[in-house]
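Chains, contacts and geometry: an overview
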Amino acid sequence: MPAISYVIAGSEATGGAGIQADLRTFAQLGVYGVGTITCVVSFDPGAQWSHRFVPIAGPVIADQIEAATTAHAPEVVKIGMLGTPETVTTVADGLRRQSWRHIVVDPVLICKGQEPGAALDTDNALRTEILPLATVVTPNLFEAATLAGMDPITTVDELTEAARRIADLGPRHVVVKGGVGLAGDDAVDVYFDGHDVTVLRAPKVGDERVSGAGCVFAAATTAELTKGADVIDAVRTAKQFTHKGIVGRLASNAPFDAVCQPD
Ligand code: PXL
């Protein structure tokens, strides 16, 4: 029987990020992917590719969670974009219905199509309702600064302090991704397991953000945890996998490249 990885996330219609990237990553890493859709993001080619965002109704999300978790017995789940406070509550309720070996949370905080006040409510709901359930959380620089309340973060020491503060919100394992936003030649991530800090480095590939990198990193971590890896090993594999996907990036008619694994 194949190992099953479950993802609860948004659809991103160009296919580079969101649940499309998650399910592709699961397949590439050899686990059977099951997905629940929380919202639909369709960039608008007629308006500078700005975000168009449509949430899925709460009861429809709850039905999907019921179907997925009743048909299968997933032990490891990834949480991606949720998008509204109502969705956060629906997903938190769904997660609490069973026990999990791991809940990996990619704390996708903003969507440019959303009105700022609504986005803040979603951020707060994520912090209070989802982060306490997480075993692993993978914020990028911006998300870490917001969650840790320490904007801006400009050094590895500050990245480490942010990881400690985010661990205080509940998750046992925190990976803060410096990415291209932190100065230097390397993409630096800080992993904190509640006791020890490990700094992970890989050479930066250019200095443009590549769409889907955060989704792929958290999905790869989820797949590796599903297969039985320790968190630090899962994170190391995910970083290598994401690095390869950034090198193999896919250009399109959209003004951003997307992570793409080489054949
Ligand atoms: O990469 C973050 C992200 C996650 N999930 C969805 C998205 C995006 C960015 O656009 O649309 C659905």
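So, here is what we can say about the structure in this document. Position numbers for residues start from 1 in each chain and track the written sequence from start to end. The model is predicted, so local features are restricted to residues of pLDDT at least 70 and side-chain atom pairs to those at 80 or more, both for listing and for counting; the totals for chains, interfaces and linings are taken over all residues. Based on all heavy atoms of the structure, the side-chain values leave hydrogens and waters out of the count.

Here the focus is the overall build of the protein chain. Helix and strand content of the protein chain: eight helices and nine strands. Its C-alpha atoms give the protein chain a radius of gyration of 17 Å, within 12% of the compact-globule value 18 Å for 263 residues. Relative to its full complement of 263 residues, the protein chain shows a buried share of 50%. Only heavy atoms enter the contact rule, under which two residues are in contact if any of them lie within 4.5 Å. A separation of at least 24 residues holds for 65% of the contacts in the protein chain among residues at least 6 apart in sequence. Of the roughly 11,700 Å² of accessible surface on the protein chain, a fraction of 53% belongs to carbon and sulfur atoms. By the counting scheme adopted, Arg and Lys are positive, Glu and Asp are negative, and His together with the chain ends is not counted. Charged groups are reduced to one reference atom each: NZ for lysine, CZ for arginine, CG for aspartic acid, CD for glutamic acid. Charge-centre separation for the protein chain: the mean point of 20 positive side chains lies 3 Å from the mean point of 31 negative side chains. The helix and strand labels rest on DSSP assignments: H or I over at least four residues marks a helix, E over at least two residues marks a strand, and numbering proceeds from the N terminus. For a compact globule the rule gives 2.2 Å times the number of residues to the power 0.38, and the radius of gyration it is set against comes from C-alpha atoms. Working definition: with a 1.4 Å probe on protein chains only, accessible area under 20% of the residue-type maximum means buried, over 50% means exposed, and in between means partly exposed. Note on areas: these come from Shrake-Rupley sampling with a 1.4 Å probe, and a residue is covered only by the protein chains present in the view.

Our focus in this paragraph is the environment of Gly206. Relative to the assigned elements, Gly206 resides in the loop between strand 9 (197-203) and helix 7 (213-226). Each C-alpha atom, one on Gly206 and one on Pro132, is 35 Å from the other, the two residues being 74 residues apart in sequence.

Between any two strands, at least two bridges found by DSSP are needed for them to pair. One ladder, built from seven bridges, connects strand 8 (residues 186-192) with strand 9; its direction is antiparallel. Following the sheet pairing, Tyr191 is matched in strand 9 by Thr198. Two successive antiparallel strands, strand 8 and strand 9, enclose a turn made up of four residues, where Gly194 displays a positive phi of approximately 95°.

This part is about unusual backbone geometry. Of note, the amide linkage connecting Asp151 to Pro152 takes the cis form, showing an omega dihedral of -5°. Structurally, the position occupied by Pro152 is in the loop between helix 5 (141-148) and helix 6 (156-167). For Trp49, which is not glycine, the phi dihedral falls at a positive 60°. One can find Trp49 in the loop between strand 2 (32-41) and strand 3 (53-55).

Multiplying 1.5 Å by the helix residue count minus one yields the expected span of that helix. Between its first and last C-alpha atoms helix 4 (residues 116-130) spans 20 Å; for 15 residues at 1.5 Å apiece the expected length is 21 Å, and the two agree. Where helix 4 is buried, its residues contact helix 3 (85-96), strand 5 (102-105) and helix 5.

Below, the discussion takes up helix 6. In this model helix 6 runs 17 Å from its N-terminal to its C-terminal C-alpha over 12 residues, within 8% of the 16 Å that 1.5 Å per residue would give. Considered for burial, the residues of helix 6 that qualify are Leu159, Thr160, Ala162, Ala163, Ile166 and Ala167. Each buried residue of helix 6 lies within a common arc of 160° when the element is viewed along its axis, so the set occupies one face. On the buried face of helix 6, the contacting elements are strand 6 (136-137), helix 5, strand 7 (173-177), strand 8 and strand 9. Throughout, the arc means that of the directions going from the helix axis to the C-beta atoms.

Turning our attention to the nonpolar core. Note on terminology: a nonpolar core comprises buried Ala, Val, Leu, Ile, Met, Phe, Trp, Tyr and Cys residues joined through side-chain atoms within 4.5 Å. Counting 42 residues, the largest nonpolar core has Ile8, Ile79, Val91, Leu95 and Ile130 as the members making the most contacts within it. Excluding its chain neighbours within four sequence positions, the residues that come into contact with Ile130 are Leu82, Val88, Val91, Ala92, Leu95, Val105 and Ala125. Ala21, Leu200, Ile246 and Val259 belong to the second-largest nonpolar core, a separate cluster that totals 31 residues.

Attention now goes to the site of the ligand. Distances are taken per atom, and a residue is near a molecule or strand as soon as one of its heavy atoms is within 4 Å of it. Residues in close proximity to the ligand include Gly10, Ser11, Glu12, Ala17, Gly18, Val41, Phe43, His51, Met81 and Cys215, which together make up its full environment. Whenever two N or O atoms come within 3.5 Å, that pair is a polar contact, provided that in protein one can donate a hydrogen and the other can accept it, and provided that, for residues adjacent in sequence, both atoms are side-chain atoms. Contact between the ligand and His51: an oxygen atom at 3.4 Å from a side-chain N or O atom of the residue. Here the ligand, which alone exposes 310 Å², has 82% of that area covered by the protein. When residue character is reported, Ala, Val, Leu, Ile, Met, Phe, Trp, Tyr, Cys and Pro are called nonpolar, Asp, Glu, Lys and Arg charged, and the others, Gly included, polar. Here the shell around the ligand is composed, by residue class, of five nonpolar, four polar and one charged.

Further remarks concern the packing of aromatic side chains. Ring pairs shown here join Phe, Tyr and Trp side chains whose ring centres sit within 6.5 Å, with only the six-membered ring taken for Trp; geometry is labelled stacked below 30 degrees between planes, edge-to-face above 60, and tilted in between. For the structure shown, the criterion picks out three aromatic pairs. Here the aromatic rings of Tyr6 and Trp100 are separated by 6.3 Å at their centres, their planes lie at 20°, and the arrangement is stacked. With Tyr6 in strand 1 (residues 4-12) and Trp100 in the loop between helix 3 and strand 5, this residue pair connects regions lying 94 residues apart in the sequence. The exposure classification of Tyr6 matches that of Trp100, with both residues buried. Ring centres of Phe43 and Phe256 lie 5.3 Å apart, and the angle between their planes is 65°; on these two criteria the pair is classed as edge-to-face.

The next point concerns the sheet that holds strand 8. Spatial ordering of the open sheet is given by 3-2-1-4-5-6-7-8-9, a layout of nine strands whose pairing is mixed. The open sheet is flanked by strand 3 and strand 9, the only strands paired with a single partner. Lines fitted to the C-alpha atoms define the axes, with helices restricted to the stretch that makes contact. Angles between their N-to-C directions range from 0 to 180 degrees. Relative to the sheet, helix 2 (residues 58-71) contacts strand 1 and strand 2, its axis offset from that of strand 2 by approximately 175°. On top of the sheet, helix 8 (residues 231-247) reaches strand 5, strand 6, strand 7, strand 8 and strand 9; it is set at about 15° to strand 9, its chief contact.

In short, geometric facts, not functional conclusions.
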